[in-house]
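Reading the structure
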Amino acid sequence: DTEVTQTPKHLVMGMTNKKSLKCEQHMGHRAMYWYKQKAKKPPELMFVYSYEKLSINESVPSRFSPECPNSSLLNLHLHALQPEDSALYLCASSQRTGVDTQYFGPGTRLTVL
Amino acid sequence: QKEVEQNSGPLSVPEGAIASLNCTYSDRVSQSFFWYRQYSGKSPELIMSIYSNGDKEDGRFTAQLNKASQYVSLLIRDSQPSDSATYLCAVAGGYQKVTFGTGTKLQVIP
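Figured I'd write up the structure that's included with this text.

**Considerations on the side chain of B:Gln70**
Residue and element names in this part refer to chain B. Mapped onto the secondary structure, Gln70 falls in the loop between β7 (61-66) and β8 (71-76). Of note is the side chain of Gln70, whose polar atom sits 2.9 Å from the backbone oxygen of Tyr25. Once residues lying within four places of it in the same chain are set aside, the contact partners of Gln70 are Cys23, Thr24, Tyr25, Ser26, Asp27 and Arg28.

**So, the interface of chain B and chain A**
Every contact between the two is made by 21 residues of chain B and, on the other side, 24 residues of chain A. Looking only at chain B, the three residues that lose the most surface to chain A are B:Gln96, B:Lys97 and B:Phe100, adding up to 35% of its buried area. Our count for the chain B to chain A interface comes out at one salt bridge. Taking the shortest distance from any N to any O, the salt bridge between B:Lys97 and A:Glu58 comes out at 3.0 Å. Connecting chain B to chain A are six residue pairs in polar contact (both at pLDDT 80 or more). At the level of secondary structure, the elements contributing two or more residues to the side of chain B that touches chain A comprise β4 (32-38), β5 (45-50), β9 (85-94) and β10 (97-100) of chain B. When residues in the side of chain B that touches chain A are grouped by element, the largest group, four residues, is from β4(B). A per-class count over the side of chain B that touches chain A returns ten nonpolar, nine polar and two charged.

**Quick look at the pattern of salt bridges**
All names here are of chain A. The tally for this structure, following the rule as stated, stands at eight salt bridges over all chains. Notably, a salt bridge pairs Asp85 with Arg63, separated by 2.7 Å at the nearest N-O pair. Placement of Asp85 in the loop between β8 (73-79) and β9 (87-94) and of Arg63 in the loop between β6 (53-57) and β7 (64-70) is noted, with a sequence separation of 22 residues between them. Among the salt bridges present, the one from Asp100 reaches Arg96, with a minimum N-O distance of 2.7 Å. With relative accessibility at 46%, the residue Arg96 sits in the partly exposed group.

**Remarks on the environment of A:Met27**
Structurally, A:Met27 can be placed in the loop between β3 (18-25) and β4 (31-37). On a C-alpha basis, the gap between A:Met27 and A:Ser71 in space is 9.9 Å, while along the polypeptide they are 44 residues apart.

**What to know about the environment of B:Ala63**
Here B:Ala63 shows up in strand β7. Among all residues touching B:Ala63, those that are not within four sequence positions of it are B:Trp35, B:Met48, B:Ile50, B:Gly54, B:Asp55, B:Lys56, B:Ser73 and B:Leu74.

**As for the packing of aromatic side chains**
For the coordinates displayed, the defined rule picks out ten aromatic pairs over all chains. A ring pair is formed by A:Tyr35 and B:Phe100, whose centres lie 5.8 Å apart and whose planes are at 90°; its orientation type is edge-to-face. In this pair, A:Tyr35 is assigned in strand β4 and B:Phe100 in strand β10, connecting two distinct chains. Owing to a relative accessible area of 10%, B:Phe100 belongs among the buried residues under this scheme. Residues A:Phe104 and B:Tyr36 carry aromatic rings whose centres are separated by 5.5 Å and whose planes lie at 85° to one another, so their mutual orientation is edge-to-face. With one member in each of two chains, A:Phe104 in strand β10 (residues 103-104) and B:Tyr36 in strand β4 form a pair that bridges those chains. The same class applies to A:Phe104 as to B:Tyr36, namely buried. Each residue in the set A:Tyr33, A:Tyr35, A:Phe104, B:Phe34, B:Tyr36, B:Tyr51 and B:Phe100 is aromatic and connected to the rest through ring pairs, giving one cluster.

**Digging into unusual backbone geometry**
The phi torsion of most residues other than glycine is negative, and most of the peptide bonds are trans. Here the residue pair A:Thr7 and A:Pro8 is connected by a cis peptide bond, since its omega of -10° sits within 30 degrees of zero. Checked against the element boundaries, A:Pro8 lands in the loop between β1 (4-7) and β2 (10-13). The phi angle at A:Tyr51 is positive, at roughly 50°, despite the residue not being glycine. Relative to the helices and strands, A:Tyr51 resides in the loop between β5 (44-50) and β6. If you check the backbone angles, B:Asp78 has positive phi at about 50° while not being a glycine. Inspection of the secondary structure puts B:Asp78 in the loop between β8 and β9.

What counts and how
Residues numbered from 1 in each chain as written. Chains lettered and ligands numbered in written order. Predicted model: local features only at pLDDT ≥ 70, side-chain atom pairs only at ≥ 80, totals over all residues. Heavy atoms only, no water. Helix = DSSP H or I, 4+ residues; strand = E, 2+ residues; numbered from the N terminus. Polar contact = N/O pair within 3.5 Å; in protein donor to acceptor, adjacent residues only side chain to side chain. Contact = heavy atoms within 4.5 Å. Buried area = accessible area lost by both parts, 1.4 Å probe. Salt bridge = Lys/Arg side-chain N within 4 Å of Asp/Glu carboxyl O. Nonpolar A, V, L, I, M, F, W, Y, C, P; charged D, E, K, R; others polar. Buried < 20%, exposed > 50% of the residue type's maximum accessible area, 1.4 Å probe, protein only. Phe/Tyr/Trp six-rings, centres within 6.5 Å; stacked < 30°, edge-to-face > 60°.

Limitation: the analysis is restricted to geometry and does not speak to function.
Dropping the structure here:
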């Protein structure tokens, strides 16, 4: 089973709202990732968690706050977003960081009004 | 300078033909190479991973790796209209990251 699940599938929020994206995997993977993808662009890495610890933050604005409550779950907390933050947010997981295959969830389509 | 380069396309091939997708990378210490397929509005789906020089076949798909030339390719035999998508080349070598190319859009014409 190579399934990564993400909720919600779609999210519309105002610039003053607080919302969270959720990601879950049950493959025993120890690395989890958040990516942002704009139309016609490749996925852009935001955060990497390795063994539940944040190991990479790609200079993401503080209005995005990641959290890894346990080895299976990854959250992305959103606050005071801008319209330009509208994008497809992808979660991925892999056995380890770096060279192992990453499996992507279906994504959350976020629209910021 | 881009780290992983792909021709953006679109690459148009007739149904039943072989589609050839190419990717070059700049980091010589890269160890793992991946091809993902992405339909419009959907998430990337793994097609193939390859780690050593040579060919790797899986059904209609063949990945080819040449580390000396820093080149990886994906061949799709008997192309079908359902193969029409953007194909992302991804390279991993260290620093805990995978670097994605910008993708090649493939159109299979019925």
